[in-house]
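# Summary of the model geometry
Here are the chains, one letter per residue:
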Amino acid sequence: MSPVFPMLTVLSMFYYMCLRRRARTATRGEMNSRRAIESNTRALPINVEIVQYAKEVLDFSSHYGSENSMSYTMWNLAGIPNVYPSSGDFTQTAVFRTYGTWWDRCPSARLPFKRTPSTFCSQDYVELAFEEPVYPTAVHILETYHPGAIVRILACSANPYSQNPPAEVRWEILWSEAPTKVNGPQARQFTPCIKQINFPTNLIRLEVNSSLLDYYTELDAVVLHGVKERPVLSLKTSMIDMNDIDEEEDEEKFACGMDTLNKQFSIVTLREWPTNGYFDKLPYELIQLILSHLTVPDLCRLAQTCKLLYQHCCDPLQYIHLSLQPYWARINDTSLEYLQSRCTLIQWLNLSWTGNRGAISVSGFSRFLKVCGSELVRLELSCGHFLNETCLEVITEMCPNLQELNLSSCDKIPPQAFNHIAKVGSLKRLILYRTKVEQTALLSILNFCSELQHLSLGSCVMIEDYDLIASMMGAKCKKLRSLDLWRCKNITESGIAELASGCQLLEELDLGWCPTLQSSTGCFTNLARKLPNLQKLFLTANRSVCDTDIEELAANCTHLRQLDILGTRMVSPASLRKLLESCKDLSLLDVSFCSQIDNRVVLELNANFPNVFIKKSFTQ
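Residues numbered from 1 in each chain as written. Predicted model: local features only at pLDDT ≥ 70, side-chain atom pairs only at ≥ 80, totals over all residues. Heavy atoms only, no water.

### Some details on the overall build of the chain
When helices and strands are tallied, the chain shows 15 helices and 21 strands. Among the 620 residues that make up the chain, the fraction classed as buried is 53%. Relative to all contacts within the chain whose residues are 6 or more apart in sequence, the contacts with residues 24 or more apart total 81%. For the chain, the accessible area works out to roughly 26900 Å², and carbon and sulfur atoms hold 53% of it. (Helix = DSSP H or I, 4+ residues; strand = E, 2+ residues; numbered from the N terminus. Buried < 20%, exposed > 50% of the residue type's maximum accessible area, 1.4 Å probe, protein only. Contact = heavy atoms within 4.5 Å. Areas by Shrake-Rupley, 256 points an atom, 1.4 Å probe, with all protein chains shown as cover.)

### So, the confidence of the model for the chain
Taken residue by residue, the chain gives an average pLDDT of 89. The fraction at 70 or more is 85%. In this model residues 1–11 is a low-confidence stretch, pLDDT under 50, and it forms one contact with partners more than four residues away in sequence or in other chains. This model gives residues 264–271 a pLDDT under 50, and the stretch forms 17 contacts once residues within four places in sequence are excluded. (pLDDT = per-residue confidence, 0-100.)

### Some words on the pattern of salt bridges
For the structure on display, the rule yields 25 salt bridges. The closest approach of N and O atoms between Asp-298 and Arg-301, which form a salt bridge, is 2.3 Å. Placement of the pair is Asp-298 and Arg-301 together in helix H4 (residues 296–302), with a separation of three residues, close to one helical turn. You can call Asp-298 partly exposed: its relative accessible area is 29%. For Arg-301, a relative accessible area of 24% corresponds to the partly exposed category. Here Glu-380 makes a salt bridge to Arg-378, at a shortest N to O gap of 2.9 Å. Each member of the pair, Glu-380 as well as Arg-378, carries the same accessibility label: buried. A single network of salt bridges, built from pairs that share partners, joins Arg-110, Arg-378, Glu-380, Glu-404 and Arg-429. (Salt bridge = Lys/Arg side-chain N within 4 Å of Asp/Glu carboxyl O.)

### Focus: the side chain of Glu-207
Along the polypeptide, Glu-207 turns up in strand E8 (residues 201–208). One polar contact links Glu-207 to Trp-328, side chain to side chain, over a distance of 3.2 Å. Ignoring any residue separated from it by four or fewer positions in sequence, one finds Glu-207 in contact with Phe-120, Ser-122, Asp-124, Tyr-125, Ala-149, Ile-150, Val-151, Arg-152, Leu-154, Trp-328 and Trp-353. (Polar contact = N/O pair within 3.5 Å; in protein donor to acceptor, adjacent residues only side chain to side chain.)

### Here's the deal with helix H10 (residues 466–476)
Within H10 the residues assigned to the buried category are Tyr-466, Asp-467, Ile-469, Ala-470, Met-473 and Gly-474. One side of H10 holds all its buried residues, which, seen down the axis, span an arc of 160 degrees. Tucked into the core, H10 has its buried residues touching helix H9 (439–448), strand E15 (454–456), strand E16 (482–484) and helix H11 (493–502). (Arc of directions from axis to C-beta.)

### So, a nonpolar patch on the surface
Residues Phe-279, Leu-282, Leu-286, Leu-289 and Ile-290 make up a contiguous nonpolar surface patch of roughly 390 Å² in combined accessible area. The topology assignment puts Phe-279 in the loop between helix H2 (242–263) and helix H3 (284–291). Residue Phe-279 is classed as partly exposed on the basis of its relative accessible area of 31%. (Patch = residues over 30% accessible without salt bridge, like charges linked within 9 Å, V, L, I, M, F, W, Y side chains within 5 Å.)

### Description of the packing of aromatic side chains
Throughout the structure, instances matching the rule amount to 19 aromatic pairs. Residues Trp-102 and Phe-613 carry aromatic rings whose centres are separated by 5.5 Å and whose planes lie at 70 degrees to one another, so their mutual orientation is edge-to-face. Taken together, the residues Trp-102 in the loop between strand E3 (94–95) and strand E4 (124–145) and Phe-613 in strand E21 (residues 613–615) connect sequence positions 511 residues apart. Following the ring pairs from residue to residue traces out a cluster consisting of Tyr-64, Tyr-72, Tyr-99, Trp-103, Tyr-145, Tyr-215, Tyr-216, Trp-486, Trp-513 and Phe-538. Across from the ring centre of Tyr-125, 3.8 Å away, lies the NZ or CZ of Arg-205, which sits over that ring. (Phe/Tyr/Trp six-rings, centres within 6.5 Å; stacked < 30°, edge-to-face > 60°. Lys NZ or Arg CZ within 6 Å of the ring centre and 35° of its normal.)

### A look at unusual backbone geometry
Glycine aside, a negative phi is what most residues show, and trans is what most peptide bonds show. Omega for the peptide link from Tyr-84 to Pro-85 comes to 15 degrees, which places this bond in the cis form. When you line up the elements, Pro-85 lands in the loop between strand E2 (56–60) and E3. Even without glycine at this site, Arg-115 takes up a positive phi of about 65 degrees. Position of Arg-115 relative to the elements: it lies in the loop between E3 and E4. Assessed through its relative accessible area of 17%, Arg-115 is described here as buried.

### Description of the pairing of E4
By the criterion of burial, E4 is predominantly enclosed, with 19 of the 22 residues buried. Relative to E8, E4 is paired through seven bridges, and the arrangement is antiparallel. In the sheet register, Asp-124 faces E8, and the bridge partner there is Val-208. (Pairing = 2+ DSSP bridges.)

### Observations concerning the side chain of Asp-315
Inspection of the secondary structure puts Asp-315 in the loop between helix H5 (307–313) and strand E10 (321–323). Although Asp-315 lies buried, it forms no salt bridge, and the closest oppositely charged side chain, Arg-115, sits 9.9 Å away as judged by the N-O distance. Those residues in contact with Asp-315 that lie beyond four places of it in its chain are Tyr-284 and Gln-288. (Lys, Arg positive; Asp, Glu negative; His and termini not counted.)

### Considering the pairing of strand E5 (residues 150–156)
In terms of burial, E5 is a largely internal element, seven of the seven residues being buried. Pairing between E5 and E8: five bridges, direction antiparallel. Bridging from a neighbouring strand, Arg-152 pairs with Glu-207 of E8. Relative to strand E6 (residues 171–176), E5 runs antiparallel, the two being bridged by five bridges. For Arg-152, the partnering residue across the bridge sits in E6 and is Ser-176.

### A look at the packing of helix H7 (residues 362–372) against helix H8 (residues 389–398)
Viewed as axis vectors pointing N to C, H7 and H8 meet at an angle of 5 degrees, and their least axial separation amounts to 10 Å. Comparing the axis directions of H7 and H8 gives the class roughly parallel. Contacts between H7 and H8 involve Val-362, Phe-365, Ser-366, Leu-369 and Lys-370 from the first element and Thr-390, Cys-391, Val-394, Ile-395 and Met-398 from the second. Of the residues assigned to the contact of H7 with H8, the class counts are seven nonpolar, two polar and one charged. (Axes fitted to C-alpha atoms, helices over the stretch in contact; angles between N-to-C directions. Parallel < 35°, antiparallel > 145°, perpendicular 65-115°, else oblique. Nonpolar A, V, L, I, M, F, W, Y, C, P; charged D, E, K, R; others polar.)

### A few points about H7
All of the buried residues in H7 are Gly-364, Phe-365, Ser-366, Phe-368, Leu-369 and Cys-372. Buried residues belonging to H7 abut helix H6 (333–339), strand E11 (348–350) and H8.

### Here we look at the state of the cysteines
Tallying each qualifying case throughout the model produces zero disulfides. Here Cys-477 is not cross-linked by a disulfide; its sulfur's nearest cysteine counterpart is in Cys-503, at 6.3 Å. (Disulfide = S-S within 2.5 Å.)

### Regarding the nonpolar core
Counting residues in each nonpolar core, the largest one holds 114 residues, and the members touching the most others are Phe-365, Leu-407, Leu-432, Met-473, Leu-563, Leu-579 and Leu-589. Ranked by residue count, the leading element in this core is H9, at five residues. Once residues within four sequence positions are removed from consideration, Met-473 is found in contact with Leu-446, Leu-455, Leu-457, Lys-478, Leu-480, Leu-483, Leu-485, Leu-499 and Cys-503. By size, the runner-up hydrophobic cluster in this structure holds 31 residues, among which are Val-139, Leu-174, Ile-194 and Val-208. (Core = buried A, V, L, I, M, F, W, Y, C linked by side-chain atoms within 4.5 Å.)

Structure follows, in structure tokens:
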């Protein structure tokens, strides 16, 4: 036999394996295309590509805009482009709530969960529905300002417009990549190379990480290209990228690990091994320490190797802090059921983004907390759209030691349900951003939760009288350190006076886009004099902020680190110089759209105060 023949055989086998991994469009051995056309649509030839813009924005985790307008909201992603190809800061685009690492450096910053896999770096998301389900061939994202935030694109098997919801909802990653720094804020069309999937979709999810951005990213539109018939992989044109293979292996490990969580963790009979070598001679605590560095899927896989490691992997001490957010697409009632016996000592639990579209039921969530809630100190439930009044009632009854509760963007919880939170008198942190909490419930919470240190009420549109809320804070929440009133619509100088007098430990205050505050009433001067510990102050889009306010901050708030005065017409370069000279710790100053602060002034200030990031956005 020629020596070349074995080599050709090996290469052929390798090439076949690569093609199989790359295609992944059917079950093993199946490469025949199937039709997946809705009964009410017209069948198209296989070579006809459909190009469509997003029809509707279904869900998102945060946005810069208001719930009652279109400026800077995620809803701007629906339809044709409003801005592209222009670059700059435009109100007609979609903008997320944060950028950079500034929110991680302020008093309200939360400690991260350990064991978060390195492949998961998403901070925000938006889900878009399209008219026609297609097999995606390309996704174009029109980024018009500070691009580079997109880190994952996913497709869902569920048709949001179908009258018959599927028994199983699948999410497939079309593309993913770690955050990258993009040079320059100019507009671009982002078209990553996506993988083929074996089902048609008209539901696309974008996940973003803005930590490397110099300013807010702005998205204008999303274009989905696809065909009605599933493409067949061409042996002539397909090129194999080894990086793609590595990514697919990671996804296989992820799927395998979470399937293990749902199916294999309940195995009670394991093979008896004659010996574990010297590993079982290690102290119990040392093995526990080693295993504490594994992710949840890895822990699930390791539990299947032998009885010794099974016992270690099932020890409740391995689940003191548990974040299931990275696995949101595969967490369901079965997952929670199998985790119950292992989470009896859990103190930190992150279920953010999980359970939507029926994956977690109210009964499944309630059963889990009844077993595992007694020691809970921190509970993250951001964007948990399965939550209802029963869930909040169970939380308050089963979690007597709860100190931190995050309900950010849980906009399906009815207003009256928030009354239950008042029963948790030990709360120190409460995040109600973009919820439907109403005034009576909030007053009750403030009255009974006097230990509150961090409170977020950003974009809570159901509150009718913020002055009354501020007065209650001043009277009852003396330990308050951070307060987010972003886009509260009716607070006045009266409420600010009550707040400043009663909550003098405040270190962080967000009054961005609060239109009823006027500098002429002395409200900002009062803040500066009463709150000397302020480290972060956002007065975004308040056109009345003036030199007197800046000079008062310079004189009284010398610990200031972050200041946003975007949009004011009344602040001069001279007052900013005084502020920068007095506040030695200042690191962020946003003077975007400040009419007296032009680019020449910004360059001069940057040269004299190089440790301060001075932000000034532009419109082309």
